[in-house]
Amino acid sequence: MFESLSDRLGKIFDGLRGRGALSEADVGEALREVRRALLEADVSLEVVRAFVEQVRERAIGAEVTRSVTPGQQVVKIVHDELVRVLGEAAVAIDLNAAPPVTIMMVGLQGSGKTTTTAKIAKRLSEKQGKKVLMASLDTRRPAAMDQLRILGEQISVATLPIVAGETPVEIARRAAREGRLGGFDVLILDTAGRTHIDEELMAETAEIKQLADPHEVLLVVDALTGQDAVNLARSFDTRVDITGIVMTRVDGDGRGGAALSMRAATGKPIKLIGVGERMDALEDFHPSRIADRILG
Ligand code: GDP
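Residues numbered from 1 in each chain as written. Predicted model: local features only at pLDDT ≥ 70, side-chain atom pairs only at ≥ 80, totals over all residues. Heavy atoms only, no water.

Applicable threshold: UniProt positions are given in the numbering used here, feature names are shortened, and annotations may be inferred rather than shown by experiment.
In the annotation of an unreviewed UniProt entry, the entry for the protein reads Signal recognition particle protein, and the organism field reads Arsenicitalea aurantiaca. Entered under Catalytic activity (unreviewed entry) in the UniProt record, the comment concerning the protein runs "GTP + H2O = GDP + phosphate + H(+)". The UniProt entry for the protein carries the following text under Sequence similarities (unreviewed entry): "Belongs to the GTP-binding SRP family. SRP54 subfamily."

What follows is the structure in structure tokens.
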């Protein structure tokens, strides 16, 4: 579907093998292709601009070793820089706090919050032996609360019983109490989302955060998010100070440029990726794999 960056740069640098250092002219043309590739991978324009400048600085004057072509050299520089910006190593969910350790899931409606809540709960309970309680705070959509309950039954993880008529803050309070009294290690709060960012959503999310005092606040974002990724990540980070990002639908067709946009905009680590609808389709984030994917 996409022409890989290596192929494009190969064409530009064709016949220039072994010329020593990369010249400014060579790099300029190559960077236009890098820019195009990143935009096609859905990286936000603002992030692309800053990124391309960083690559330019590293590329001009870079020695082309005899074993690679100039095109391969530029691809390597871009790849290394992508990995550097995306964050070098996988960062685990931090459970280092007094139980119940509270994890709050935030994000837009349809991003995969509820599914990811259950996937994380399954992973923590099955792989780390944690006693997990999940609670849905999505009072506007009873179907969402039911969805979490059904997933809980499916993965054998407890969910907070649904009580009609409570506000999200009341549910969060009840969840915290149940988490303490029930001897749970981890409490995961699945908050309501909207189809777009608005003040009401942000105010509600901030209020819940203040009350629940979560140890982790994970922003769930669809990998197919395009130019909106920067704004989305920045809005949530400014209002609720997220501790990490989960990118879902990495199994889809997209190239996952949103990862670069969100990481560059917030500096917060991408902790996990969703790679399917099944409950075990959750993986650690590996920067170099996403870098490869963005490069095509
Ligand atoms: P929420 O509104 O943010 O809670 O979103 P949901 O958790 O209900 O997810 C919306 C849809 O996306 C559901 O059909 C999920 O099965 C699906 N979904 C969630 N995560 C992934 C993923 O990583 N890959 C794929 N292919 N589908 C996903």
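Section: the environment of Leu260
Selection criterion: Every helix listed is a DSSP run of H or I at least four residues long, and every strand listed is a run of E at least two residues long, numbered separately from the N terminus. Contacts are residue-level and defined by heavy atoms, with any inter-residue pair within 4.5 Å sufficient.
Note on placement: Leu260 falls in helix α10 (residues 257-266). Apart from residues lying up to four places away in sequence, Leu260 is in contact with Val43, Val47, Phe51, Leu82, Val85, Leu86 and Ile294.

Regarding the layout of surface pockets
Summary: where empty space remains is shown by rolling a probe the size of a single water molecule over the atoms. Using the following cut-off: Cavity means a closed set of points on a 1 Å grid over the protein atoms alone, one where a 1.4 Å probe fits but cannot get out, pocket means an open set with protein on both sides within 12 Å along at least 5 of 7 lines, and lining means a residue has an atom within 4 Å of a point. Grid points are joined across faces, edges and corners, and a volume is the space filled by probe spheres set on the points. Throughout, the ten residues Ala, Val, Leu, Ile, Met, Phe, Trp, Tyr, Cys and Pro are labelled nonpolar, Asp, Glu, Lys and Arg are labelled charged, and all others, Gly among them, are labelled polar.
Of the pockets and cavities examined, the largest pocket occupies roughly 370 Å³. Around the largest pocket, the lining is made up of 19 residues, and of these Gly110, Ser111, Gly112, Thr115 and Arg249 lie nearest the centre. If one sorts the elements of the lining of the largest pocket by residue count, helix α5 (residues 113-128) sits on top with five residues. Split by residue class, the lining of the largest pocket holds two nonpolar, eleven polar and six charged.

Looking at the UniProt feature "domain: SRP54-type proteins GTP-binding" (unreviewed entry) in the protein
With numbering aligned to this structure, UniProt lists the feature "domain: SRP54-type proteins GTP-binding" (unreviewed entry) at residues 269-282. End C-alpha atoms of residues 269-282 are separated by 16 Å, and the span's content is 0% helix alongside 43% strand.

Side note on the pairing of strand β7 (residues 270-274)
Inclusion rule: Buried residues are those whose accessible area, probed at 1.4 Å on protein chains only, stays under 20% of the maximum for their type, while exposed residues exceed 50% and partly exposed ones sit between those limits. Every crossover in which the path from the first strand over the helix to the second runs clockwise, viewed with the strands pointing away from the viewer, is termed right-handed. Pairing between strands is defined by DSSP: at least two bridges between them are needed.
Extensive coverage of β7 is indicated by the burial of five of its five residues. In this fold, the crossover linking strand β6 (residues 244-248) to β7 by way of α10 has right-handed handedness. Relative to strand β8 (residues 282-284), β7 is paired through three bridges, and the arrangement is antiparallel. When the bridges of β8 are listed, Gly274 appears paired with Leu282.

Here we look at the pattern of salt bridges
The criterion, for reference: Counted as salt bridges are all cases of a side-chain nitrogen of Lys or Arg within 4 Å of a carboxyl oxygen of Asp or Glu.
Under the criterion given, the structure shown has 24 salt bridges. Residue Asp138 is joined to Arg141 by a salt bridge in which the shortest nitrogen-to-oxygen separation is 3.3 Å. The salt bridge partner of Glu216 is Lys271, with a shortest N-O separation of 2.8 Å. One end of the pair, Glu216, is in strand β5 (residues 216-222); the other, Lys271, is in strand β7, and 55 residues separate them in sequence. A single network of salt bridges, built from pairs that share partners, joins Arg140, Arg194, Asp198, Glu200 and Glu204.

Comments concerning the nonpolar core
What counts here: Only buried residues count toward a nonpolar core, which is a set of Ala, Val, Leu, Ile, Met, Phe, Trp, Tyr and Cys residues joined through side-chain atoms within 4.5 Å.
One finds Leu38, Val78, Leu82, Phe236, Met247 and Leu260 to be the most contacted residues of the largest nonpolar core, which totals 73 residues. In terms of residue count, the dominant contributor to this core is helix α4 (residues 70-86) (eight residues). When sequence neighbours within four positions are dropped, the list of residues in contact with Val78 reads Leu5, Val34, Phe51, Val55 and Leu295. By size, the runner-up hydrophobic cluster in this structure holds 23 residues, among which are Ala118, Leu151, Ile155 and Val186.

Observations concerning helix α2 (residues 24-40)
Owing to its 3.6 residues per turn, the α-helix brings residues three or four apart onto one side. Operational definition: The span expected for a helix works out to 1.5 Å for each residue beyond the first.
Across its 17 residues, α2 extends 24 Å between first and last C-alpha, which sits within 8% of the 24 Å expected from 1.5 Å per residue. Turning to α2, its buried residues are Asp26, Val27, Gly28, Ala30, Leu31, Glu33, Val34, Ala37 and Leu38. In this structure, the buried side of α2 is in contact with α1 (5-12), α3 (45-59), α4 and α11 (287-295). Just past α2, the residue Asp42 takes up positive phi, approximately 75°.

Section: the site of the ligand
Short version of the rule: We call a residue near a molecule or strand as soon as one heavy atom of that residue lies within 4 Å of the molecule or strand. Polar contact is the term for a pair of N or O atoms within 3.5 Å; when the atoms are in protein, one must be able to donate a hydrogen and the other to accept it, and sequence-neighboring residues count only if both atoms are side-chain atoms. With residues, only the protein chains shown are counted as cover, and all accessible areas are computed by Shrake-Rupley using a 1.4 Å probe. For a cavity or pocket, the test is whether more than half of a molecule's atoms lie within 2 Å of its grid points; if they do, the molecule sits there.
Close to the ligand lie 18 residues; Gly110, Thr115, Arg249, Asp251 and Glu277 are nearest. Within the backbone of Lys113, a nitrogen or oxygen atom sits 2.7 Å from an oxygen atom of the ligand. Within the contact set of the ligand, an oxygen atom lies 3.1 Å away from a side-chain nitrogen or oxygen of Gln147. Protein chains bury 82% of the 580 Å² of accessible surface belonging to the ligand in isolation. Judged by the proximity of its atoms to the pocket grid, the ligand belongs to the largest pocket. Counting residues per element, the shell around the ligand draws most heavily on α5, at four residues. Tallied by class, the residues present in the shell around the ligand amount to two nonpolar, ten polar and six charged.

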